[in-house]
Amino acid sequence: MKKIIYSLLMVLTVIPFLAACGGGEESSGDGNSSQEITVNATSEPPSLDPALATDTTSGWVIDHLFEGLYRKNKSGEIEPAIAEETEVSEDKRTYTFTLRDAKWSNGDPVTAGDFEYAWKRILNPETGSSFAFYLYYLKGAEAYNKGDGSVEDVGVTAVDDKTLKLELKEPTGFIEKLLSFWSYYPVNQSVVEENENWAAEADGLVSNGAYAMNTWEHDNELSVTKNDEYWDKDNINMEKITWKMVNDATTYYQMYKSGELDMIHTLPIDVISSEKDSEDFKIKPYFGTYMYMFNVDKEPFTNPKVRKAFAMAIDRESITEEIAQGGETPAYAFVPKGVDTPNGDFREQKENYFDEDYEDAKQLIEEAKEEEGWDELPSVELMYNTSDNHKKIAEGVQEMLKQNLGVNVTLNNQEWKTYLDTTKQGNFQMARMGWIGVYVDPTPILDYYLGDSPNNRTNWVNEKYDSLMAESKEVQDEEERMKILHEAEDVLMEDMPFMPVYHYSQNFLTSTDFEGIVYPVNRYPDLRFAERK
Amino acid sequence: MYIVKRILTMLLTIWVITTLTFIIMHSIPGDPFASDADVLPEEVLANMRAKFNLDEPLPVQYVLYLKDLAQFDLGPSIQSETRDVNTLIADGFPASAVLGLQSLVIALVFGLLLGIIAALNHNGILDYASMGFAILGISIPSFILAPLLINYFAVDWGMFPVASWGTWQHTILPSVALATAPLAIVARFMRSSMLEVMNQNYIKTADAKGLAITGIVIKHGIRNALIPVISFIGPLAAFLLTGTFVIEKIFAIPGIGKYFVDSIFNRDFPVILGTTIFFSTILIVTLFLVDISYRIVDPRIKLSSKGE
């Protein structure tokens, strides 16, 4: 009997030993001086087809693969890219672009026809693109996309291979920003027509930007290499970019620590305090706002004074410093920092729209009670979508409202898609939401609360606001446009169908071996100009 | 005859599962196209719904789905713009299966060994040690064990890469993390089964006849003790092969485990159905194989349908 036990024990101990052999040399950390960088996309990009991509992860890769008529340069400013010359008509409705000599990664020339084809493809109802509405600024685009118009009436025409004519519905002040956005990127017509699934695998994907597709193992990693056909390739130093798809925060943090990743974003909250002082650590503002929407059709939020009082009664500093902890900044308005205007940053031109003043807030509640004839403030339920972080913040707000305002708020949470359904139907009094601007301008932020915006779940409709926003889209003078947008935000913040909590931020650990990485306020880092020292 | 009947029952089971999943899945609130960036005009939404047949009444959708299913087409994924459900599974299954197979082997080899050692050393030090280990294995959740393994074996000692997929080194830590709990269960199963068998009269008889103890343990003991363990291996194999959400997430493995969970949060109906059907098929097939292997281990067991 003993013998058997011992021999079995032998087996038991020998196997792991054998298994461990050869595990010694491992492949991680190709710590040489080659111009390669490995970053983390956290998940598989749902689509690398510029017509179908709707998320920032896909956009991150697409921005390295493709290039539009305009692009962002090293300092984040918009500059002409494929457009060599731009001619604007008197009425500012017609743009004629002369394209530079640019090539696709397969050697084909980039033609005006590729642009026309790409834009009409997005607008084609059969493509089912959810970002088609970003092209509604083009004449006839909306009608075609909604099935009421024909493709011939869409305001984009390739006059010849080098000349692209763009007709706008209205003069549009921020057209260059739009043209640098991925929905306006060209696609190679012959490649796309040949293979409907051209962007699904590394093999078929042909691009015209700084990088060309190299490998793509779904859900695992994706790599791109410098595009030798790129017209501006002399200014690109990084030879290869690899995106890993590691979703778990602790895991990608450990991969960064072991050198398997050169840059990570969104650190696990519990390591932020220990990394804060490290040279690798960076906090960058992110162009978005975390907020609580008020349903203005449900008591007590029918009264604007109650909405204002709630906004004034929470301590944003302690929410960002003690609860969120990721470098967020307290928000006292809707449009975040980051918009350059002729007179400096849009946000910095205005003071805070309200103060955190608990006494005044209490006073407002009393006034509201009197106006409405309430003996007690109607009970309030605060809703958020199920998540630990939202829960912590909601509990903080609940406590603050109780302490500072003497109001009891109950909490309720729902799983994301159910939550979207509930809030869309207006079955809430006060509910959490976040909003990030697709391009850095007050417009995509402020459009959120337009009366007919599907995002506006508050039932708040204000004619003056809507007409100011409409006016801002037609004005050509940038200073004038910003003035109108400020007025619109004034109207919004006067009525407060929502209360801002904080402006988002992004945090990073980036290996100090690299320089030249650009951190845009509404995108993941731009690695095109990165370089290993 | 038995095999034909079994296959027909299997098909029927899959149909029932498909139908139930279809009904339950459509009764959860929420829209696959809803997002916080709810900017789509109704007309565009209608286009997208039409693309996935979601504009049809439910019974029609159901029939359309069964039609595709009969041709082994699990339909397009709503979430992934470019890959359909067949491709998602084809892309992800190999990684999950490699991981699952390795864990299965680890769990079986070490689990059986531990169980046998414990049983043969009943109430001895080795018995307590292996059962103590088994209890630890069952009670430490994999989402704790996995980061611990990473922390020591990858970050501190640099023996293996932290996570991701590609070389065989990448497979070791997740296999171990995934195998620990089933290993412990197998060990406990095997121990009690072995104890029972070793007390049987035929073992005593064999011993009395003066047969070598090694022969008795291997030929009579282990072989008979395996039967209850085999019935546990069927479902275990199905679970391990089809991937697990937690391990695949922590180790960033491109498997199919996450689709079981993510598809529900995304209301990605074709993926919910596809993964459920895929999992049930594997489960049903392994159960079938288990039934057949009983016969090999114990020829007395007859394969027959009920009532015959």
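What you see is a predicted model; the values in this text were computed from it and never measured.

Each value, and the rule that gives it
- Residues numbered from 1 in each chain as written.
- Chains lettered and ligands numbered in written order.
- Predicted model: local features only at pLDDT ≥ 70, side-chain atom pairs only at ≥ 80, totals over all residues.
- Heavy atoms only, no water.
- Helix = DSSP H or I, 4+ residues; strand = E, 2+ residues; numbered from the N terminus.
- Rg over C-alpha atoms; globule rule 2.2 N^0.38 Å.
- Buried < 20%, exposed > 50% of the residue type's maximum accessible area, 1.4 Å probe, protein only.
- Contact = heavy atoms within 4.5 Å.
- Areas by Shrake-Rupley, 256 points an atom, 1.4 Å probe, with all protein chains shown as cover.
- Lys, Arg positive; Asp, Glu negative; His and termini not counted.
- Charge placed at Lys NZ, Arg CZ, Asp CG, Glu CD.
- Phe/Tyr/Trp six-rings, centres within 6.5 Å; stacked < 30°, edge-to-face > 60°.
- Lys NZ or Arg CZ within 6 Å of the ring centre and 35° of its normal.
- Patch = residues over 30% accessible without salt bridge, like charges linked within 9 Å, V, L, I, M, F, W, Y side chains within 5 Å.
- Salt bridge = Lys/Arg side-chain N within 4 Å of Asp/Glu carboxyl O.
- Core = buried A, V, L, I, M, F, W, Y, C linked by side-chain atoms within 4.5 Å.
- 1 Å grid on protein atoms, 1.4 Å probe; cavity = no way out; pocket = protein on both sides within 12 Å on 5 of 7 lines; lining within 4 Å.
- Points joined across faces, edges and corners; volume = space filled by probe spheres on them.
- Nonpolar A, V, L, I, M, F, W, Y, C, P; charged D, E, K, R; others polar.
- Domains from an automatic or database assignment.
- Buried area = accessible area lost by both parts, 1.4 Å probe.
- Polar contact = N/O pair within 3.5 Å; in protein donor to acceptor, adjacent residues only side chain to side chain.
- Expected span 1.5 Å × (residues − 1).
- Arc of directions from axis to C-beta.
- Axes fitted to C-alpha atoms, helices over the stretch in contact; angles between N-to-C directions.
- Parallel < 35°, antiparallel > 145°, perpendicular 65-115°, else oblique.
- Left-handed = near helix turned anticlockwise from the far one by under 90°.
- Pairing = 2+ DSSP bridges.

Trainee: Hey, could you go over the overall build of chain A for me, with residue numbers and the actual values?
Mentor: The helix and strand inventory of chain A stands at 16 helices and 21 strands. Taken over C-alpha atoms, the radius of gyration comes to 26 Å for chain A, in line with the 24 Å a tight globule of 533 residues would show. Projected onto the principal axes, the alpha-carbon positions of chain A cover approximately 85 × 80 × 40 Å. In chain A, which comprises 533 residues, the proportion classed as buried is 57%.

Trainee: Outline the overall build of chain B, supporting the account with residue identities and numerical values.
Mentor: A tally of regular secondary structure across chain B gives twelve helices and zero strands. Along chain B, helices and strands appear, N-terminal first, in the series α-α-α-α-α-α-α-α-α-α-α-α. Seen through its principal axes, chain B has C-alpha atoms that stretch 85 × 60 × 30 Å. Per-residue burial for chain B yields a buried fraction of 49% across its 308 residues. Restricting the contact set of chain B to residue pairs at least 6 apart, pairs at least 24 apart contribute 73%. Summing over all exposed atoms, chain B offers an accessible surface of approximately 14400 Å²; the carbon and sulfur share of this is 70%. Computed over 19 positive and 22 negative side-chain charges, the inter-centroid distance for chain B is 18 Å.

Trainee: Quick one: what's the story with the packing of aromatic side chains, residue by residue and with numbers?
Mentor: As enumerated under the stated definition, the model contains 43 aromatic pairs over all chains in all. Both rings, one in A:Tyr332 and one in A:Phe354, keep their centres 5.6 Å apart while their planes meet at 65°; by these two values the pair is edge-to-face. Note that A:Tyr332 is positioned in the loop between β13 (329-330) and β14 (340-341) and A:Phe354 in the loop between β15 (344-345) and α11 (358-372), a separation of 22 residues in sequence. With a relative accessible area of 17%, A:Tyr332 lands in the buried category. Classification of A:Phe354 by relative accessible area gives buried; the value is 4%. Residues A:Tyr449 and A:Phe498 carry aromatic rings whose centres are separated by 5.0 Å and whose planes lie at 20° to one another, so their mutual orientation is stacked. With a gap of 49 residues between them, A:Tyr449 in the loop between α14 (442-446) and α15 (463-474) and A:Phe498 in strand β19 (residues 498-510) connect regions that are remote in the sequence. The pair A:Tyr449 / A:Phe498 is uniform in exposure class, with both members buried. Among the aromatic residues, those joined into a cluster by ring pairs are A:Phe131, A:Phe133, A:Tyr134, A:Phe181 and A:Trp182. Of note, B:Lys258 hangs over the ring of B:Tyr259, and the distance from its end group to the ring centre comes to 4.8 Å.

Trainee: With reference to specific residues and values, describe a nonpolar patch on the surface.
Mentor: All names here are of chain B. Together, Leu136, Ile140, Phe143, Ile144, Leu148, Tyr152 and Trp157 make up a nonpolar patch on the protein surface, roughly 700 Å² of accessible area in all. By residue number, the principal contributor to the nonpolar patch is helix α6 (residues 142-156), which donates four residues. With respect to the element layout, isoleucine 144 can be found in helix α6.

Trainee: Break down a negative patch on the surface for me, citing the residues and quoting the values.
Mentor: Residues and elements named next belong to chain A. A surface patch of negative charge is lined by Glu471, Glu474, Asp477, Glu479 and Glu480. Contributions of two or more residues to the negative patch are made by α15 and α16 (478-495). In this structure, aspartate 477 sits in the loop between α15 and α16. You can call aspartate 477 partly exposed: its relative accessible area is 46%.

Trainee: Outline the nonpolar core, listing residues and values.
Mentor: Ranked by internal contacts, the top residues of the largest apolar core, which has 113 residues, are A:Leu69, A:Phe97 and A:Trp119. Per-element tally for this core: the top contributor is helix α12 (residues 269-297) of chain B, with ten residues. Here A:Leu69 is in contact with A:Pro80, A:Ala81, A:Ile82, A:Ala83, A:Phe97, A:Leu99, A:Phe115, A:Trp119, A:Leu164 and A:Leu179, once residues within four sequence places are set aside. Counting 77 residues, the second largest nonpolar core, distinct from the first, contains A:Ile365, A:Tyr419, A:Val440 and A:Ala488.

Trainee: Tell me about empty space enclosed by the protein, and name the residues and values.
Mentor: Residues and elements named next belong to chain A. Throughout the structure, instances matching the rule amount to one cavity of 30 Å³ or more. When its volume is computed, the largest cavity comes out at roughly 30 Å³. Contributing to the lining of the largest cavity are Pro50, Ala51, Ala118, Arg121, Ile122, Ser183, Tyr185 and Val187. Looking at side-chain class alone, the lining of the largest cavity contains six nonpolar, one polar and one charged residues.

Trainee: Now, about the domain arrangement of chain A: what can you tell me, with residues and values included?
Mentor: All names here are of chain A. What the domain assignment reports for chain A is domain 1 (66-194) and domain 2 (285-505). On a C-alpha basis, the centres of domain 1 and domain 2 stand 35 Å from each other. Buried surface at the junction of domain 1 and domain 2, both sides included, amounts to about 1100 Å², of which 57% is carbon and sulfur. When the area that domain 1 buries against domain 2 is broken down by residue, the three leading residues are Gly173, Phe174 and Lys177, summing to 45%. Taken together, the connections running from domain 1 to domain 2 amount to one salt bridge. Here lysine 177 ties to aspartate 441 by a salt bridge, and the two come within 2.9 Å at their closest N and O atoms. Connecting domain 1 to domain 2 are three residue pairs in polar contact (both at pLDDT 80 or more). By residue class, the composition of the side of domain 1 that touches domain 2 is six nonpolar, two polar and four charged.

Trainee: Explain helix α5 (residues 125-139) of chain B to me, and be specific about the residues and the numbers.
Mentor: Residue and element names in this part refer to chain B. With 15 residues, α5 should reach 21 Å at 1.5 Å per residue; the first-to-last C-alpha distance of 21 Å fits that figure. Looking only at α5, the buried set comprises Asp127, Ser130, Met131, Ala134 and Gly137. Seen along its axis, α5 keeps its buried residues to an arc of 115°; they face one direction. Residues Ile125 and Tyr128 are exposed on α5 and point more than 90 degrees away from its buried face. Buried-residue contacts for α5 involve α4 (85-120) and α7 (168-198).

Trainee: With reference to specific residues and values, describe the packing of helix α9 (residues 213-241) of chain B against α12(B).
Mentor: Residue and element names in this part refer to chain B. Packing of α9 against α12 brings their axes to within 7 Å, and their N-to-C directions diverge by 165°. With respect to their mutual orientation, α9 and α12 come out roughly antiparallel. Note that α9 runs across α12; the crossing there is right-handed. In contact with Arg223, Ile227, Ile230, Ser231, Gly234, Pro235, Ala237, Ala238 and Phe239 of α9, α12 contributes Phe279, Ile282, Leu283, Thr286, Leu287, Val290, Ser293, Tyr294, Ile296 and Val297. Its residues assigned to classes, the contact of α9 with α12 shows 14 nonpolar, four polar and one charged.

Trainee: Describe the pairing of β19(A), listing the residues and the values that go with them.
Mentor: If a strand is regular, its side chains alternate between the two faces of the sheet. Residue and element names in this part refer to chain A. The buried fraction of β19 amounts to 13 of the 13 residues, a majority that puts the element mostly inside the structure. In the sheet, strand β11 (residues 263-265) pairs with β19 via three bridges, with the strands oriented antiparallel. Bridge pairing in β19 places histidine 265 opposite phenylalanine 508. Taken together, the ten bridges between strand β12 (residues 281-294) and β19 define a ladder with antiparallel strand orientation. Residue pairing in the sheet places lysine 282 in a bridge with phenylalanine 508 of β19. Looking at chain direction, β13 and β19 are connected through two bridges and run antiparallel. From the neighbouring strand, threonine 329 faces β19, where its bridge partner is histidine 503.

Trainee: Can you tell me about the interface of chain A and chain B, naming the residues and giving the values?
Mentor: Listed as interface residues are 60 residues of chain A and, on the opposing side, 61 residues of chain B. Together, the buried faces of chain A and chain B total about 5200 Å²; carbon and sulfur atoms form 61% of this surface. Counting across the chain A and chain B interface gives four salt bridges. The shortest N-O distance in the salt bridge between B:Lys258 and A:Asp219 comes to 2.6 Å. At the boundary of chain A and chain B, one finds 14 residue pairs in polar contact (both at pLDDT 80 or more). Put simply, the parts of the chain that give the side of chain A that touches chain B at least two residues each are α1 (2-20), α7 (249-257), α13 (416-424) and β18 (430-436) of chain A. Among the elements that make up the side of chain A that touches chain B, the one with the highest residue count is α1(A) (ten residues). In terms of residue class, the side of chain A that touches chain B is built from 27 nonpolar, 20 polar and 13 charged.

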